[in-house]
Each structure stands twice: as structure tokens, then as C-alpha cells.
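# Overview (structure and organization)
Given next are the chains, with one letter for each unit.
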Amino acid sequence: MRGTVSLAFGALVLLASGCSNIRDNFRPVLSDAPFIYDIGELRVIGGDELEADGFDYTSVPDALHYGQLGAGENPGLYGGATFEFRGTGRDVCVVVDPEAMFWNVEISTQEQSGYKYEDLFEDDGDLDMKAGLTAYYNGSPGIEIGDFSAVYDDAAGVEPELEFNECVQTGYGGTSPVHAGRGSVEFCDMDTSLHPGVMYTAVLETFALPIDDSVLNYGTMVFDGKCSDLPWRDANGEKGSGGTECVIPNEIQNADPGLAIPEDKAWFPELESAFCTGKGKVNTWCKDNPGAGCVEVE
């Protein structure tokens, strides 16, 4: 009897103190940003266009899309965005750059060539990318996020699953498939030589929203060539190539006037430019702009 009274009293104490482990307390906040969005068809963009002097990334919405994604009312459903593109008969590179960026801070007391400020992870989101022939996509654009798998019955009555995702990303040691982490660019090479002119679908599945505002900004495109040849420029105008944070600049912008970028993230383009120039630039920028995308190491 004493044990029963003690348990009941403990439960009352917990209720009175407001202690709760309900997961709704950790859910993202609903916003005006769409939970599921269909971008439509994107034109495959060429390297000559991207490398042209004075090229404005926001001037080609038919080839490069800037968008936002938010939380859904049902936490049991996957959110994200989809778009289609036509096979060129050559290699193409599919790219998505989610808000914002990520780096590892230098922890060595002897080596001072790395990052001296921590990345502010509260503004980072994560999108996982898949792509394949539209005929194999089992989702409904703008309504439901799907994938590129199918199940069939073999002669033995077994139901093996077939995977038709052609956007295979490889990690360290050749492991695959893998996905990049929060705030990091995802990109993959796809060979469309067998299907020129045929429609492909790319899926950008929301893995995590930024915890600061529950709105994930992103930029995405399809490049006519291999990912290793993706052109970009740093803050000094120096050219580079390869799938990096610098390929789609300033992903925290949106062409939809109804989905405005918060004023407290106006610092992002400058920090990204510093990031694309080098670690030293990041250290200097973070020192001069405390609290804007950087955290001072204690």
C-alpha cells in the first residue's frame, strides 16, 4: 500500500512540475513554407552559361530553382520537393544545396590553419536526394513524396525489391549509397545516354528542418556534365570546379515574394563568400561579425 501511495505522489509531482516527454514539444513549427512542393521541369544548364561573366543565378528560374520547405501537420509523412528534367544523352549532374553551410572547427592547440569558430548549426537543414526515370517514380508530385523502388513476385513466391534510383552518392572508402549531412551540398552523376529526351524525376526529401525557424531554404539544378566539372567562383572571382557549397551561391533567397527571407539571416551571402574563399576569410569574418552564423569557441 505504501508503494502505491509513493508512486501516485511521484506522478502528481511530475504533473505539477510540468515535466513531459511528449515528442510534440520538439516538433518543427508550422509556417507558410510548403511541406510538399512540385517545382515542375527544370532545363539542364550548361557550363558555358554558368561560367559567363556577370551570370545571375536568379535570372534562370527555368534551370535553377530557389525554394523553401516547411513542416507538415502530420509528423508521420515525409515532405520535400520534386522536379523533372529531360535526359540529354550525356552525363548530367544533379545538385541540391540546402541552408546553410557546415564546417568542423579546429581543435588542435598547435595547428592554427583551420577554422577557429564553430558553425552555427541551428540554421542548418538537410535534404536527401534521389533521382531516376519518371516512369519508375511511385510518388505523386506536389501531393506525396515517393521513391524509385518496386516489388515483384518471383517464381518462388518471394517478393524482392528492385531499386531504380540512379542518383547514387559515394562516401569515404567507396561506401554507397550515402547522403551528405546537415547544411551540406548533395550531388550525383547520372548517365542519360540510353534515354535522350526521356523524362527523369529528382526527389529532394526533407530529412531535417533548421531548428531556428523550421523553414529550409535551398537551391537546386541539373548541370550538363559531370559533377567534377561544375564551375564556381569564389569571393575574389577566382574560378574553381567540383561539387561544393560554392556551386549554387546564396541559397537563402527565394523568388516567391510571399516567402520572404528573415532579416536576421541577411548576413548569409557574406559568410558564404568568405567560406568559398578560404578558412582564413571565415575566421576574419566571424571575428568581425560575432553571432552571425558563427559561434566563438570557449
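Structure's up top.
Everything numeric in this text was worked out from a predicted model, so none of it was measured.

Turning our eyes to something else, we now look at the overall build of the protein chain. Each helix and strand counted, the protein chain has four helices and 14 strands in total. The buried share of the protein chain, taken over its 298 residues, is 39%. Carbon together with sulfur atoms contributes 53% to the accessible area of the protein chain, which is approximately 16200 Å² in total.

Below, the discussion takes up the state of the cysteines. Overall, the coordinates contain four disulfides when judged by the stated rule. Each sulfur of the disulfide joining Cys-286 and Cys-294 lies 2.0 Å from the other. Between Cys-286 and Cys-294, the S-S torsion sits near -55°, and that sign places the bridge as left-handed. A relative accessible area of 2% places Cys-286 in the buried class. Listing the disulfide partners of the protein chain by sequence rank of the bonded cysteines yields 1-4, 2-3, 5-6, 7-8.

This part is about the packing of aromatic side chains. Scanning the entire structure with this criterion turns up eight aromatic pairs. Centroid distance Phe-55 to Tyr-57: 5.0 Å. Interplanar angle 70°. Geometry classified as edge-to-face. Like Tyr-57, Phe-55 is buried. On the basis of an interplanar angle of 10° and a centroid distance of 5.4 Å, the ring pair of Phe-85 and Tyr-200 is categorised as stacked. Here the residue Phe-85 occupies a position in strand 3 (residues 80-86), and Tyr-200 occupies one in strand 10 (residues 199-208), the gap between them amounting to 115 residues. Of the two residues examined, Phe-85 and Tyr-200, each falls in the buried class. Of the aromatic side chains, those joined through ring pairs into one cluster are Phe-83, Phe-85 and Tyr-200.

Our focus in this paragraph is the side chain of Glu-245. Along the chain, Glu-245 falls in the loop between strand 13 (239-241) and helix 3 (268-277). Buried charge without a salt bridge: Glu-245, with Arg-182 as the nearest opposite-charge side chain at an N-O distance of 11 Å. Beyond its immediate stretch of four places on either side in the chain, Glu-245 contacts Asp-97, Ala-100, Met-101, Gly-183, Val-185, Glu-251, Phe-268, Glu-272, Phe-275 and Cys-276.

The subject of this paragraph is helix 4 (residues 279-288). Looking only at helix 4, the buried set comprises Val-282, Asn-283, Trp-285 and Cys-286. Around the axis of helix 4, the buried residues are gathered within 170° of arc, so they sit on the same side. Projecting away from the buried face of helix 4 at angles above 90 degrees are the exposed residues Lys-287 and Asp-288. Turning to helix 4, the residues buried within the fold contact strand 5 (117-119), helix 3 and strand 14 (294-296).

Assignment of secondary structure puts Glu-186 in strand 9 (residues 186-191). Although Glu-186 is buried, it makes no salt bridge; Lys-130 carries the closest opposite charge, 10 Å away. A distance of 3.1 Å separates a polar side-chain atom of Glu-186 from the backbone nitrogen of Met-129.

With that settled, the discussion passes to the pairing of strand 3. Burial runs high along strand 3: five of the seven residues are buried. By the bridge criterion, five bridges tie strand 1 (residues 36-41) to strand 3 in an arrangement that is parallel. The partner of Tyr-37 across the bridge, within strand 3, is Ala-81. Here strand 3 pairs with strand 10 via seven bridges, running antiparallel. In the strand pairing of strand 10, Phe-83 is matched with Ala-202.

Thresholds applied
- Residues numbered from 1 in each chain as written.
- Predicted model: local features only at pLDDT ≥ 70, side-chain atom pairs only at ≥ 80, totals over all residues.
- Heavy atoms only, no water.
- Helix = DSSP H or I, 4+ residues; strand = E, 2+ residues; numbered from the N terminus.
- Buried < 20%, exposed > 50% of the residue type's maximum accessible area, 1.4 Å probe, protein only.
- Areas by Shrake-Rupley, 256 points an atom, 1.4 Å probe, with all protein chains shown as cover.
- Disulfide = S-S within 2.5 Å.
- Phe/Tyr/Trp six-rings, centres within 6.5 Å; stacked < 30°, edge-to-face > 60°.
- Lys, Arg positive; Asp, Glu negative; His and termini not counted.
- Salt bridge = Lys/Arg side-chain N within 4 Å of Asp/Glu carboxyl O.
- Contact = heavy atoms within 4.5 Å.
- Arc of directions from axis to C-beta.
- Polar contact = N/O pair within 3.5 Å; in protein donor to acceptor, adjacent residues only side chain to side chain.
- Pairing = 2+ DSSP bridges.

This is a description of form; function is not addressed.
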